[in-house]
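One-letter residues, chain by chain:
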Amino acid sequence: MTTEALGAPPRSSPGLLSRVFAGRSGPLAVVCLAIFALWYLGTVWLNAPLLIDRYERQGEDWSITRLAEDAMAMERPVLPAPHQVAVELNKSIFQRNVTSKRSLVYHGWVTLSSTLLGFAMGTLLGIVLAVGIVHVNTLDRSLLPWVIASQTIPILAIAPMIIVVLGNIGFTGLVPKALISMYLCFFPVTIGMVKGLRSPDPLQMDLMRTYSASTGQVFRKLRWPSSIPFLFASLKVAIAISLVGAIVGELPTGASAGIGARLLVGSYYGQTVQIWAALLTAAAMAGLLVAAVGMIERLVLRRTGVRP
């Protein structure tokens with residue numbers, strides 16, 4: 001029997017706007033449009049004083065329309081417009097040979113190599129420290145406070161010292177940048193793994209002791225599987241921080257390659273469009289790296305059965 005026969009009003013289908021905002025694409029599109037609108041408004045607002053001063057010095061008449069058009073077409077703007085950055089990205093990524101030193105693909109690979117090496121070393125160091133802190137009470141009381149205190153030192157202050165010291169003993173290029181990345185990314189891995197290794201329920205620990213399980217068996221059968229979700233949550237943070245460390249490591253060396261080198265060259269010559277293109281490239285790299293870690297997480301959790 002239909003709702004009309006029962007006298008109930010028919011259900012109305014959800015409108016187009018409701019269907020769009022029911023998923024993720026609608027809200028994401030609105031946020032992106034809002035960001036671009038604010039970006040364009042900021043471009044006009046920040047570039048306007050320079051243009052108005054130029055108009056007054058040259059005795060030219062101007063209008064709001066002309067001011068907006070010129071603000072979004074300046075060669076060296078205070079804040080470039082989104083379409084200017086898009087043109088620079090297209091020129092630097094798709095219209096350059098990947099081996100050219102003017103290609104963002106080339107510079108991105110240089111930064112990515114030190115990022116991945118530092119991330120691997122930081123992950124290994126973080127896991128080793130976490131295992132020691134969890135199993136040795138002395139390390140828990142003495143080492144953990146120093147691990148936390150190490151992150152209070154600004155990386156911009158310690159990066160030049162690392163570069164100089166390692167350069168004096170013959171280590172240049174990839175290794176110093178990787179060590180700076182390792183310094184930044186080992187901390188979230190350590191803290192996350194300590195939390196994860198201590199996450200098993202006390203009843204589960206008592207059950208393992210009832211079975212006379214050794215420390216190694218408790219670690220393999222209980223602590224390690226329980227810590228995997230915590231590990232991957234920490235790795236997503238660590239991989240992004242590792243990229244930041246690699247870029248920071250390129251700044252004090254005056255490197256000729258890498259995202260940091262592009263930022264330096266852009267700042268030296270006032271090429272703000274180039275700076276923003278390099279920044280957006282770094283942001284895209286960080287997003288892809290975090291997505292790759294998330295994909296590996298889903299595969300590992302599916303294989304281990306930690307999550308259904």
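Given the structure is predicted, the values throughout are model-derived calculations rather than measurements.

Account for the nonpolar core, naming residues and giving values.
One broad trend across soluble globular proteins is that nonpolar side chains are buried collectively. If you look at the biggest cluster of nonpolar residues, it comprises 20 residues, and the most contacted ones within it are V189, M193, L231 and L235. Sorting the residues of this core by element identifies α5 (104-135), α8 (174-197), α10 (215-250) and α12 (272-304) as the ones contributing at least two each. Beyond its immediate stretch of four places on either side in the chain, M193 contacts I127, A130, W224, S227 and L231.

With reference to specific residues and values, describe a nonpolar patch on the surface.
Where nonpolar side chains cluster on the molecular surface, the patch consists of L117, I169, F171, L174 and V175 and spans about 410 Å² of accessible area. With respect to the helices, strands and loops of the structure, L174 is situated in helix α8.

Describe the packing of aromatic side chains, listing the residues and the values that go with them.
Counted under the stated rule, the structure contains four aromatic pairs. Pairing F36 with W39 gives two aromatic rings, centres 6.3 Å apart and planes at 10 degrees, and the pair type is stacked. Residue F36 and its partner W39 are both found in helix α2 (residues 25-58); the two are separated by three residues, about one turn of the helix. With 6.0 Å between their ring centres and 40 degrees between their planes, F219 and W224 make a pair best called tilted.

Give a description of the pattern of salt bridges that names residues and reports values.
Taken as a whole and assessed by the stated rule, the structure comprises nine salt bridges. One salt bridge in this structure joins D70 and R66, with 3.4 Å as the shortest N-O distance. Of the two residues, D70 and R66 both sit in helix α3 (residues 64-71), four residues apart, roughly one turn of that helix. A residue is classified by how much of its surface remains accessible, and R66, at 30% relative accessible area, is partly exposed. When salt bridges with common partners are traced through the structure, they connect E60, R66 and D70 into a single cluster.

Kindly report on the environment of W62, identifying the contributing residues and their values.
Relative to the assigned elements, W62 resides in the loop between α2 and α3. For W62 and L51, which are eleven residues apart along the polypeptide, the C-alpha to C-alpha distance reads 9.6 Å. Leaving out residues up to four positions away in the same chain, W62 has contacts with I52, Y55 and L67.

Tell me about the side chain of S234, residues and numbers included.
Within the secondary structure, S234 sits in helix α10. Look at S234 and you get buried, because its relative accessible area is 8%.

Residues and numbers for the environment of V175, please.
Relative to the assigned elements, V175 resides in helix α8. The class for V175 is partly exposed, based on a relative accessible area of 33%. Remark: the alpha-carbon pair of V175 and L117, spanning 58 residues in sequence, is separated by 8.4 Å.

Before we move on, can you summarise unusual backbone geometry with the specific residues and values?
Positioned with a positive phi, S212 is a non-glycine residue whose angle comes to about 60 degrees. Following the sequence through the fold, S212 ends up in the loop between α9 (202-210) and α10.

Give me the packing of α9 against α10: which residues, what numbers.
At a minimum axis separation of 11 Å, α9 and α10 run at an interaxial angle of 150 degrees. Here α9 is positioned roughly antiparallel relative to α10, judged by the angle of their axes. Crossing geometry of α9 relative to α10 is assigned as right-handed. Residue-level inspection shows Q204, M205 and M208 of α9 in contact with α10, the latter providing Q217, V218, K221, L222 and R223. When its residues are assigned to classes, the contact of α9 with α10 shows four nonpolar, two polar and two charged.

Explain the environment of G196 to me, and be specific about the residues and the numbers.
Residue position: G196 is located in helix α8. Judged by its relative accessible area of 0%, G196 falls in the buried class. G196 has contacts with R223, S226, S227 and F230, leaving out every residue within four places of it along the chain.

Now, about the side chain of T43: what can you tell me, with residues and values included?
Relative to the elements of secondary structure, T43 occurs in helix α2. Here T43 falls in the buried class, since its relative accessible area comes to 0%. Only 3.4 Å separates the side chain of T43 from the backbone oxygen of P80, close enough to count as a polar contact. Filtering out sequence-adjacent residues up to four positions away, T43 remains in contact with A71, M72, L79, P80 and A81.

Parameters and conventions
The numbering scheme is per chain: residues are counted from 1 as the chain's sequence reads. Given that the model is predicted, a residue must reach a pLDDT of at least 70 before its local features are reported, and side-chain atom pairs must reach 80 or more before they are shown or counted; all residues, however, enter totals for whole chains, interfaces and linings. Heavy atoms throughout the structure, all of them, feed into the side-chain values; hydrogens and water do not. To define a nonpolar core, start from buried Ala, Val, Leu, Ile, Met, Phe, Trp, Tyr and Cys residues and group those joined through side-chain atoms within 4.5 Å. Residue burial is assigned from relative accessible area. The probe radius is 1.4 Å, only protein chains are included, and a residue is buried under 20% of its type maximum, exposed over 50%, and partly exposed in between. Strands here mean DSSP runs of E at least two residues long; helices mean DSSP runs of H or I at least four residues long; both are numbered from the N terminus. The contact criterion used throughout is that any non-hydrogen atoms of two residues lie within 4.5 Å. By definition, no residue in a patch forms a salt bridge, and every one has over 30% relative accessible area; like charges are joined within 9 Å, nonpolar side chains (Val, Leu, Ile, Met, Phe, Trp, Tyr) within 5 Å. Per-residue and other accessible areas were derived by the Shrake-Rupley procedure at a 1.4 Å probe size, with only the shown protein chains allowed to occlude residues. One speaks of a salt bridge when a side-chain nitrogen belonging to Lys or Arg is within 4 Å of a carboxyl oxygen belonging to Asp or Glu. Between 30 and 60 degrees the pair is tilted, below 30 it is stacked and above 60 it is edge-to-face, where a pair is any two Phe, Tyr or Trp rings, Trp via its six-membered ring, whose centres lie within 6.5 Å. With axes taken as lines fitted to C-alpha atoms, and helix axes fitted only over the stretch in contact, angles between N-to-C directions fall between 0 and 180 degrees. Just so you know how the angles are binned, under 35 degrees is roughly parallel, over 145 roughly antiparallel, 65 to 115 roughly perpendicular, and the rest oblique. What makes a crossing left-handed is the near helix being turned counterclockwise from the far one by less than a right angle; a clockwise turn instead makes it right-handed. Note on residue classes: Ala, Val, Leu, Ile, Met, Phe, Trp, Tyr, Cys and Pro are nonpolar, Asp, Glu, Lys and Arg are charged, and everything else, Gly too, is polar. Within 3.5 Å is the distance limit for a polar contact, defined as a pair of N or O atoms, with the added protein rule that one can donate a hydrogen and the other accept it, and that residues adjacent in sequence qualify only through two side-chain atoms.

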